[in-house]
Amino acid sequence: MSTRPRISSRISAISESATLAVDAKAKAMKAAGRPVIGFGAGEPDFPTPDYIVEAAVAAARDPRFHKYTPAGGLPELKQAIAAKTRRDSGYQVEASQVLVTNGGKQAVYEAFATLLDPGDEVLVVAPYWTTYPEAIKLAGGVQVDVVTDETTGYLASVEQLEAARTERTKVLLFVSPSNPTGAVYSREQTEAIGRWAAANGLWVVTDEIYEHLVYGGAEFTSIATAVPELADRVVIVNGVAKTYAMTGWRVGWLIGPSDVVKAATNLQSHATSNVSNVAQMAALAAVSGDLSAVAEMREAFDRRRQAMVRLLNEIPGVVCPEPKGAFYVYPSVKELIGKELRGRRPQSSAELAELILEEAEVAVVPGEAFGTPGYFRLSYALGDDDLAEGVSRLAKLLAEAH
């Protein structure tokens, strides 16, 4: 009998998505009749706008879309994404520089798979979204964390980035607005980081999927627009999921220099072929339309953001900075680690999150998932009543800690 491993070491090394795991457990408990409130998944609680759904219905009836289409995306959608990019961030690209992907996650994976050789280093600001490390690892890259905390609003400085750079550094991952922290870099900060990357010959992969979800005085700045000299070394990943409440439609895109896009398209031609044509036509309606739907969502998210920050900061031992973008808060719970709670002494934020799910029936994602233990991520992309009830349960339980 063979003693060789059944699963390859490459795939065995991948961790399950922590956010999806928490969401799945919460849903399973709900299905079993427990009144769980989930702050786990980053998913707008709004339906996809009707005009987008109608475009999909029409596409499903059109025999043209019953067949294979170009692996890199429908030509009309690629053109529309180029136009949308110019409209929303001022960045001028051609349709040939666009690759339509199966959601933003595939765009992230293909960006790193196309750019990295084994041993190439990627600077990643922590806290970071859970998929980035796995995509870098699969591509053979080496992740180098640049750790931030609540004292700086989870923003990295040029000095921190420079301290982490080595001769093996090839890519900077730049994310603003950020998941999980909601941090947003100012135009000045974005320009400074972009100029530093350009001066050191680095590639920049920038995730702009939360570009339209910024609040108060914060403004989204695309690093590609802010630093034109990066044009030949910048790759943008984006998608329709967050802006248009289309998480389940699975349409994203990658924008970059022509040689990178061509290589990534070759990869996709063997991995998945074309994205679902019906979903692509829905995305075409989304990116070609106005932004009134996201404006309505943003207003609700802003209200919930302010309420959640206020309520969390009233809980002893919880410190919650005000996020400037996306739809997450990232409070520190370090003061609660090791305290007694319902006969237990959780020694990590992961253990505390498990206790909270069991005792308060509230699902949060612990900071371990994002590279910084001692924190929770809570999404405020859920109904106002559930938000208030969920934080109330948290407050009631955590007040018992001693």
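First, a word on scope: everything that follows refers to the structure included in this document. (Residues numbered from 1 in each chain as written. Predicted model: local features only at pLDDT ≥ 70, side-chain atom pairs only at ≥ 80, totals over all residues. Heavy atoms only, no water.)

With that out of the way, let us pick up the overall build of the protein. In terms of helices and strands, the protein carries 14 helices and 12 strands. For 402 residues, the compact-globule estimate of 2.2 N^0.38 gives 21 Å, and the protein sits close to it at 21 Å. Projected onto its principal axes, the C-alpha positions of the protein cover 65 × 60 × 55 Å. Burial status across the protein gives 55% buried among its 402 residues. Sequence separation of 24 or more characterises 74% of the internal contacts of the protein that already satisfy a separation of 6 or more. On the protein, roughly 17000 Å² of surface is accessible, and the fraction owed to carbon and sulfur atoms is 52%. (Helix = DSSP H or I, 4+ residues; strand = E, 2+ residues; numbered from the N terminus. Rg over C-alpha atoms; globule rule 2.2 N^0.38 Å. Buried < 20%, exposed > 50% of the residue type's maximum accessible area, 1.4 Å probe, protein only. Contact = heavy atoms within 4.5 Å. Areas by Shrake-Rupley, 256 points an atom, 1.4 Å probe, with all protein chains shown as cover.)

Scanning the entire structure with this criterion turns up 23 salt bridges. Between Arg-168 and Glu-121 there is a salt bridge, with the nearest N and O atoms lying 3.1 Å from each other. On the criterion of sequence distance, the pair formed by Arg-168 in the loop between helix H7 (158-164) and strand S5 (169-175) and Glu-121 in strand S3 (residues 121-126) is long-range, its members being 47 residues apart. Residue Arg-195 pairs with Glu-191 through a salt bridge whose shortest N-O separation is 3.8 Å. On the criterion of helical spacing, the pair formed by Arg-195 and Glu-191 is a turn pair, its members being 4 residues apart in helix H8 (residues 187-199). A residue is classified by how much of its surface remains accessible, and Glu-191, at 22% relative accessible area, is partly exposed. Among the charged side chains, a network of salt bridges with common partners joins Asp-45, Arg-303, Arg-304 and Asp-384. (Salt bridge = Lys/Arg side-chain N within 4 Å of Asp/Glu carboxyl O.)

Residue pairs three or four apart in sequence face the same way in an α-helix, which turns once every 3.6 residues. The element helix H6 (residues 131-138) is extensively covered by neighbouring structure, given that 6 of its 8 residues are classed as buried. Looking only at H6, the buried set comprises Thr-131, Tyr-132, Pro-133, Glu-134, Ala-135 and Ile-136. Packed against the buried residues of H6 are helix H5 (103-115), S3, strand S4 (142-147), S5 and strand S6 (203-207). Looking one or two residues beyond H6, the residue adopting positive phi is Gly-140, at roughly 90°.

In this section: the nonpolar core. The biggest cluster of nonpolar side chains holds 63 residues, and the ones touching the most others in it are Leu-77, Leu-161, Leu-172, Val-204, Val-240 and Val-251. Ranked by residues supplied to this core, first place goes to helix H11 (residues 277-288) with 7 residues. With sequence-adjacent residues up to four places away left out, Val-240 is seen in contact with Ala-245, Met-246, Val-251, Trp-253, Ala-283, Ala-286 and Val-287. (Core = buried A, V, L, I, M, F, W, Y, C linked by side-chain atoms within 4.5 Å.)

If you trace the backbone, Thr-190 turns up in helix H8. Separated by 2.9 Å, the side chain of Thr-190 and the backbone oxygen of Ser-186 make a polar contact. Discounting residues that sit within four places of it in the chain, Thr-190 has contacts with Phe-174, Tyr-185, Thr-221, Ser-222, Ile-223, Ala-226 and Val-227. (Polar contact = N/O pair within 3.5 Å; in protein donor to acceptor, adjacent residues only side chain to side chain.)

Read from one edge to the other, the open sheet built from 7 strands follows the order S2-S8-S7-S6-S5-S3-S4, with strand pairing classed as mixed. Looking along the sheet, the strands with just one partner apiece sit at the ends: strand S2 (98-101) and S4. Within this sheet the neighbouring strands show an average axis-to-axis angle of 20°, counted without direction. In this fold H6 packs onto S3, S4, S5 and S6, with an angle of close to 150° to the strand it touches most, S4. Here helix H10 (residues 258-271) sits on the sheet in contact with S2, S6, strand S7 (234-239) and strand S8 (252-255), set at roughly 25° to S2. (Pairing = 2+ DSSP bridges. Axes fitted to C-alpha atoms, helices over the stretch in contact; angles between N-to-C directions.)

Below, the discussion takes up unusual backbone geometry. Keep in mind that most residues, glycine aside, have a negative phi and that most peptide bonds are trans. Residue Ala-126 is joined to Pro-127 through a cis peptide bond whose omega torsion reads 5°. By the secondary structure assignment, Pro-127 is in the loop between S3 and H6. Pro-177 follows Ser-176 through a cis peptide bond whose omega is -5°. With respect to the element layout, Pro-177 can be found in the loop between S5 and H8. For Ser-273, which is not a glycine, the phi torsion comes out positive at approximately 60°. Looking at where Ser-273 falls in the secondary structure, it is placed in the loop between H10 and H11. By relative accessible area, which is 28% here, Ser-273 ends up partly exposed. Although it is not a glycine, Ala-326 sits at a positive phi angle of roughly 60°.

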